[in-house]
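Examination of the molecular architecture
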Amino acid sequence: MDKGFPQKKVLSLVLCVAVMLSVMVMGAGAAFSDQDKIENTEAVNMCTALNIIGGYEDGSYHPERNIERSEITKMICVALNGGKEPNLAVPATPTFSDVRGSADAWAEKYIESCAAQGIVSGVGGGRFSPAGNVTGSQLAKMLLVALGYRADEANFTGNGWDTNVNVIATQKGLYEGLENMDVSAALTRDNAAQMIWNALQAVEVEYTYTLVTENGQLVSKVVVQDKAPATVGSNKYDYTLLYDKYKAVMTNDADTYDTLTMTKYKWNDKNGEYDYTFTDDENNEHTFSSAADYTALFAQQVNVVYKNTTDKPVYGIYAEDSQVLYEGIAGDIETNDQDSIKIDGVKYKVDDDKGLDGVEYYAENAYTAKKSTDAQNYYTVRVIDLDGDDEVDCVVYLPFTVAEVTYVGSKYIQASGKYEFEDCNIYDGIAKDDYAVIVSGTNTADGKDTLTKAEVVSGEVTVVNGDDYTIDGEVYTLASGVSNTNLELGNDVEAVVVNGYIFAAELVSGSISMDDVVYINGTEKKVSYGETTLMARAVFANGETAEIEIKSVDGSDAVTKGDDEATVIEVNDGLWAFEMDGDKYELKTISVGDDANFDTTTNNKTVGDDRIGGLRVNDNAVVFVKDGEGDVTVLTGADVKAWSEAARESVVAYANNTSGYAYVELAAITVEGDVPGSAYSDIYGYVVKTLGETQEDNTKYTSFLVWTGAENETIKVKTGNVKGDIEKGSFVKVSGDEISALNLATSAAAVAATDEETVSFIGNSTEYKITSDTKVIYVDTEAVAGEEGGSIAEATDHNQDGSFEKNVVYVVDTDNKDELLVLFVDTNNELKGTEPVVKTTVSAEGVLTVDEVLPTTSSTIYPVAENVEKLTSKNIGNVNGGLFSGFDLDSLKGKAATTVTVKIPVSGEKVAIRQTNKALAGASTDGRVSDGVKVAGYTDIRGDILELSVVVMQGENVKLEVVSNAKGTYGDDFETNNTAFGKEEGIVTYTIDTSGISFAK
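Quick caveat: nothing in here was measured; it's all calculated off a predicted structure. (Residues numbered from 1 in each chain as written. Predicted model: local features only at pLDDT ≥ 70, side-chain atom pairs only at ≥ 80, totals over all residues. Heavy atoms only, no water.)

**Comments concerning the overall build of the protein chain**
Within the protein chain one finds twelve helices and 71 strands. Expressed as a percentage of its 1001 residues, the buried residues of the protein chain come to 47%. If you take every contact in the protein chain between residues at least 6 apart in sequence, the share linking residues at least 24 apart comes to 61%. For the protein chain, the accessible surface area stands at approximately 47400 Å², while carbon and sulfur atoms represent 43% of it. (Helix = DSSP H or I, 4+ residues; strand = E, 2+ residues; numbered from the N terminus. Buried < 20%, exposed > 50% of the residue type's maximum accessible area, 1.4 Å probe, protein only. Contact = heavy atoms within 4.5 Å. Areas by Shrake-Rupley, 256 points an atom, 1.4 Å probe, with all protein chains shown as cover.)

**Looking at the environment of Val408**
Following the sequence through the fold, Val408 ends up in strand S20 (residues 407-408). By relative accessible area, which is 19% here, Val408 ends up buried. For the pair Val408 and Asn829, spaced 421 residues apart in sequence, the C-alpha separation works out to 9.5 Å. Apart from residues no more than four positions distant in its own chain, Val408 is found in contact with Ile413, Phe421, Ile430, Ala431, Lys432, Gly790 and Ser791.

**Considerations on unusual backbone geometry**
Positive phi outside glycine occurs at Asn155, with the angle close to 60°. Counting through the fold element by element, Asn155 comes out in the loop between helix H5 (136-146) and helix H6 (161-171).

**Things to note about the pairing of strand S47 (residues 683-696)**
In this structure, S47 lies alongside strand S51 (residues 731-735), joined through four bridges in antiparallel fashion. Of the residues in S51, the one forming a bridge with Tyr686 is Phe731. Counting the residues between successive antiparallel strands, the hairpin from S47 to strand S48 (residues 699-707) contains two residues, one of them, Asp697, with a positive phi of roughly 50°. (Pairing = 2+ DSSP bridges.)

**Comments concerning the pairing of strand S15 (residues 360-363)**
Taken together, the four bridges between S15 and strand S18 (residues 394-398) define a ladder with parallel strand orientation. Bridging across to S18, Tyr362 finds its partner in Val396. Both S15 and strand S16 (residues 366-370) contribute to a ladder of two bridges, which runs antiparallel. For Tyr361, the partnering residue across the bridge sits in S16 and is Lys370. Hairpin connection from S15 to S16: two residues lie between these consecutive antiparallel strands, with Asn365 at a positive phi of about 65°.

**A word on empty space enclosed by the protein**
The rolling of a water-molecule-sized probe over the atoms marks out the regions of remaining empty space. Throughout the structure, instances matching the rule amount to one cavity of 30 Å³ or more. Computed from the structure, the largest cavity encloses a volume of approximately 70 Å³. Contributing to the lining of the largest cavity are Ile52, Met75, Ile76, Ala79, Leu80, Leu143, Ala146, Ile196, Ala199, Leu200 and Leu241. Looking at the lining of the largest cavity, the elements that each hand over two or more residues are helix H3 (69-80), H5 and helix H7 (189-201). Take the lining of the largest cavity: its biggest share by element is four residues, from H3. Considering only residue class, the lining of the largest cavity consists of eleven nonpolar, no polar and no charged. (1 Å grid on protein atoms, 1.4 Å probe; cavity = no way out; pocket = protein on both sides within 12 Å on 5 of 7 lines; lining within 4 Å. Points joined across faces, edges and corners; volume = space filled by probe spheres on them. Nonpolar A, V, L, I, M, F, W, Y, C, P; charged D, E, K, R; others polar.)

**Section: the nonpolar core**
With 63 residues, the main nonpolar core has Ile52, Leu139 and Trp197 as its most contacted residues. With seven residues, H7 is the largest single contributor of residues to this core. In this structure Leu139 touches Ile72, Ile76, Val134, Leu187, Ala192 and Met195, once residues within four positions along its chain are discounted. Listed in part, the 47 residues of the second largest apolar core include Tyr348, Tyr361, Ala479 and Leu487. (Core = buried A, V, L, I, M, F, W, Y, C linked by side-chain atoms within 4.5 Å.)

**Structural notes on the pattern of salt bridges**
Applying the stated criterion across every chain yields a total of 20 salt bridges. Here Lys411 ties to Glu782 by a salt bridge, and the two come within 2.6 Å at their closest N and O atoms. Of this pair, Lys411 sits in the loop between S20 and strand S21 (412-414) while Glu782 is found in the loop between strand S57 (775-780) and strand S58 (785-787), placing the two residues 371 residues apart along the sequence. Look at Lys411 and you get partly exposed, because its relative accessible area is 43%. Residues Lys769 and Asp818 are paired through a salt bridge, measuring 3.9 Å at the closest nitrogen-oxygen approach. (Salt bridge = Lys/Arg side-chain N within 4 Å of Asp/Glu carboxyl O.)

**Brief notes about the sheet that holds S18**
Two strands in a sheet stick together by hydrogen bonds in their backbones, pointing the same way (parallel) or opposite ways (antiparallel). The five strands are arranged S11-S17-S18-S15-S16 in an open sheet whose pairing can be described as mixed. The open sheet terminates on both sides in strands that have one partner only, identified here as strand S11 (323-329) and S16. On average, each strand axis in the sheet is inclined to that of its neighbour by 25°, with strand direction left out of account. The pairing of S11 with strand S17 (residues 380-385) spans six bridges and is antiparallel. Paired with Gln323 across the two strands is Asp385, which belongs to S17. (Axes fitted to C-alpha atoms, helices over the stretch in contact; angles between N-to-C directions.)

**Regarding a nonpolar patch on the surface**
A grouping of Tyr209, Val222 and Val224 is seen on the molecular surface, where their side chains present a nonpolar patch of about 260 Å² in accessible area. If you trace the backbone, Tyr209 turns up in strand S1 (residues 205-214). For Tyr209, a relative accessible area of 52% translates into the label exposed. (Patch = residues over 30% accessible without salt bridge, like charges linked within 9 Å, V, L, I, M, F, W, Y side chains within 5 Å.)

**Let's talk about the packing of aromatic side chains**
Two descriptors summarise a pair of aromatic rings, namely the distance from one centre to the other and the angle between the planes of the rings. The tally for this structure, following the rule as stated, stands at 36 aromatic pairs. For the pair Phe731 and Phe824, a centre-to-centre distance of 4.9 Å together with 70° between the ring planes defines the contact as edge-to-face. Within this pair, whereas Phe731 is found in strand S51, its partner Phe824 is found in strand S61 (residues 820-826), the two being separated by 93 residues in sequence. The class of Phe824 is buried, set by a relative accessible area of 1%. (Phe/Tyr/Trp six-rings, centres within 6.5 Å; stacked < 30°, edge-to-face > 60°.)

**Some words on the confidence of the model for the protein chain**
This prediction gives the protein chain a mean pLDDT of 83; 85% of its residues lie at or above 70. Under a pLDDT of 50 for its full length, residues 975-983 has, in the predicted model, 16 contacts with residues more than four places off or in other chains. (pLDDT = per-residue confidence, 0-100.)

**Quick word on the sheet that holds strand S56 (residues 764-769)**
The three strands lie next to each other as S54-S55-S56, forming an open sheet whose pairing is antiparallel. The open sheet terminates on both sides in strands that have one partner only, identified here as strand S54 (751-754) and S56. Averaged over all pairs of adjacent strands, the angle between strand axes in this sheet comes to 20°, irrespective of strand direction.

**Digging into H7**
The first and last C-alpha atoms of H7 sit 19 Å apart over 13 residues, in line with the 18 Å expected at 1.5 Å per residue. The buried fraction of H7 amounts to twelve of the 13 residues, a majority that puts the element mostly inside the structure. Residues Arg189, Asp190, Asn191, Ala192, Ala193, Gln194, Met195, Ile196, Trp197, Asn198, Ala199 and Leu200 constitute the buried set of H7. (Expected span 1.5 Å × (residues − 1).)

**Points about helix H2 (residues 41-49)**
Residues of H2 that are buried: Ala43, Val44, Asn45, Met46 and Cys47. Along its buried surface, H2 packs onto H7, strand S9 (301-307) and strand S10 (314-319). With its phi angle positive at about 65°, Asn51 sits one or two positions after the end of H2.

**So, the packing of H5 against H7**
It is at 11 Å that the axes of H5 and H7 come closest, and there the two elements cross at 25°. As far as their axial angle goes, H7 and H5 are roughly parallel. Two packed elements cross with a definite hand, and for H5 against H7 that hand is right-handed. Contact with H5, carried on its side by Gly136, Leu139, Ala140 and Leu143, involves Ala192, Met195, Ile196 and Ala199 of H7 and no other residues of that element. Here the contact of H5 with H7 is composed, by residue class, of seven nonpolar, one polar and no charged. (Parallel < 35°, antiparallel > 145°, perpendicular 65-115°, else oblique. Left-handed = near helix turned anticlockwise from the far one by under 90°.)

**Considerations on the packing of H3 against H5**
Two quantities define a packed helix pair, namely the angle between the helix axes and the distance between the axes. Where H3 contacts H5, the two axes come as close as 12 Å, and the packing angle between them is 20°. Compared by their axis directions, H3 and H5 come out roughly parallel. When the axes of H3 and H5 are compared, the crossing they make is right-handed. Within the contact between the two elements, H3 uses Arg69, Ile72, Ile76 and Leu80 and H5 uses Gln138, Leu139, Met142, Leu143 and Ala146.

**Remarks on the environment of Asp293**
Inspection of the secondary structure puts Asp293 in the loop between strand S8 (285-290) and S9. Here Asp293 falls in the buried class, since its relative accessible area comes to 17%. Considering only alpha carbons, one finds Asp293 and Trp267, 26 residues apart in sequence, at a separation of 9.6 Å. A distance of 2.7 Å separates polar atoms of two side chains, one belonging to Asp293 and the other to Thr295. (Polar contact = N/O pair within 3.5 Å; in protein donor to acceptor, adjacent residues only side chain to side chain.)

Here it is, written out as structure tokens:
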């Protein structure tokens, strides 16, 4: 048979995920620290569950150690007492001379009990040898006596005892699974567990006496026979040692059960148990519960060992003929021929010669048959033989996705979806820009979506072979659908890897370590005791300064000895790479180009406004700044990006290319005078506490504790300079000695989209820039506290009703209307005390609708839809109301327009409506439209909701002005006639923002 059992693959991440989820654990039952060394797993697990065998204090089992005679007596006594510690006594005079008073005195009561029952005898000379080893034959004799055999009558004593024992032990199945064991050798703890488990499953025997005639005489003859089955109700159970002592039965022995297959499991947090669901041959379901983890048996045929009582407590669950042939990843499975498959080059026969297409695939914990095509190559799999014929019957796979974490708040995170901490299993320390492996709650024991951190490997791409990439000496395969843009030969990358598959790859910026860069700020030739050295004032990337000795510069000696005196090499002030030779420095010019330290360099002197020398800047870039006094300060790229744009005295900057752009990683800048500061002057903050009013020299002052993004600052101003109603939870601006509250009615918003360099808000068509001057301040408005970090995220529809929670407060730079000066971000993604923003949604027909009735106050409507069908006769048929009489709407067919249906609350008998809508330009037939811009309309009211359909075009907002209880007659000029509109304050204005609509090509 061309089949083997390869070594298990090490699956870096998802198997770790699975252990945490209890979805693909490597074993079930007892979990000893050396579980992988146990060969007779089922036996050890069952004997542990039955309280017969235990481990050591350090959590190990040590299956390889020999079992001692004293240990085995305790195991037998506990087993014969149903897993409970028996109440035993010891005689006044010990049976054996070497037990009492020895290191094994703890076992005396067990030894005496077994001796009294004929289970054990000594080794001669009145000795027991409690620390001695036990052979297989010796344990078999003990177990046979426990099953009811009489040692003397069964010839288990005297010459040839072991032969007699081995014959009957084989008949009773005590050596099952141990056929290659030397029964005369010392027995390991591993094999002892197997023999005890075999004995527990064996039927007990009894002795009966039968009168028979022999030579004309009636004689009594002893017959040894198996005990009759136990009858409980209508069911019969073999009278095994397990049934007798534990009242335990097995589902494969019970009349009420056929073959059981595990089809579902669920963790019951209330009871602290797993609920296991099994299906029998007739598709009936049976449930057993246990605190032990047997989830690895999903989709396998099993035997359940349970106590035959009403609540059916489970002792253990183990595979019945089923076995796992292979554990690895789905990509290793391939078609071989019509009746077999190959896994890692090893051939496996498929049951019934069905081939790969005939193998049933089951997603973990979801027992619905799928095909091999449903399992992605990177999924982990278990290949299972159900009936013990070493042929493949089914495959269990663990589905998962990998996504970048784009937002982390105090209540939830976002990673291609929203995951709340309360409802999901999310790994500790999750952070924005992580990549998470996400397993759906459908496939987990507790029903919760579970996120674990994906592995990131880094190194140079040294080999490209199709979809296989060698990174840092290891070969990884590109997952389907993942871009290979950055995986070019020679690139240094950081790759997100799960199960050997790449899910994302980013270029590593800066191939030179900043720890190997120094700024030389002056050199000096020194002579001491006839020795000349070149010393330098050095500034390192971490800001530390030191006087260093230079040994060489670009391979040339720093000091050259001459006939008269030594000379030193000239070293320019500025940036150098270096290596160490002992405590001396070897300077090297920083290189640029292919296979160099950096991709490009610039000497452009313009710095500021997000740029150094015209190039983009990495926030973590290292920038050495030399001021007018000659002092050198080390800043970050973010610090320098915040400078106002201006020409500097000198600049040298080094950059690497990322996604087509060059980003500065290292720079040296010389400035005149002081190091520039940030252009940011006014203080913006979030009031976390009001400190009350005080009086000094007849002047009243009011103080507030304000979170400014880095710390809580006490702001104290004259009471008269407090502008607005400022309280705990207010967003404020502090200018000099004046503090004012921001108007949330105009500054609070819901984020529509962001890439962290720009942000747009629902209902606002402007795309604002987030520059280096933008002050981003994170707050928790629920706790009324500042937060040290967070991320900007899209607004969420918490109530799933089309309304999006406002999550930021913004202040626009008055000098640059498309740039933000300040952005407050709520880490819960919901500003407490603000009303949500309503968006509309697109229907199946491509007609945009507002399901909710609009507010009674002026507001903006935000239809959002992609690839909407252009206006057709069908859509035009949805346009209704006198608002559109006198228009040739057919003239709009085929144009990039559609309809929005709105529900307007009105009152009274008449309503006046004015529509400002460029979409209708040229469609008027009765002259009531001036350049297609304004439409006058009037209608009688029937009910308190007026439902209108409005034609809209992308980029052309529509304004509806509505007055209830209107007066006047049809056709009044709404522009000038106040009779129709009533008083000005009676007008309610609705703006339909069309920025979120796109049309199909």
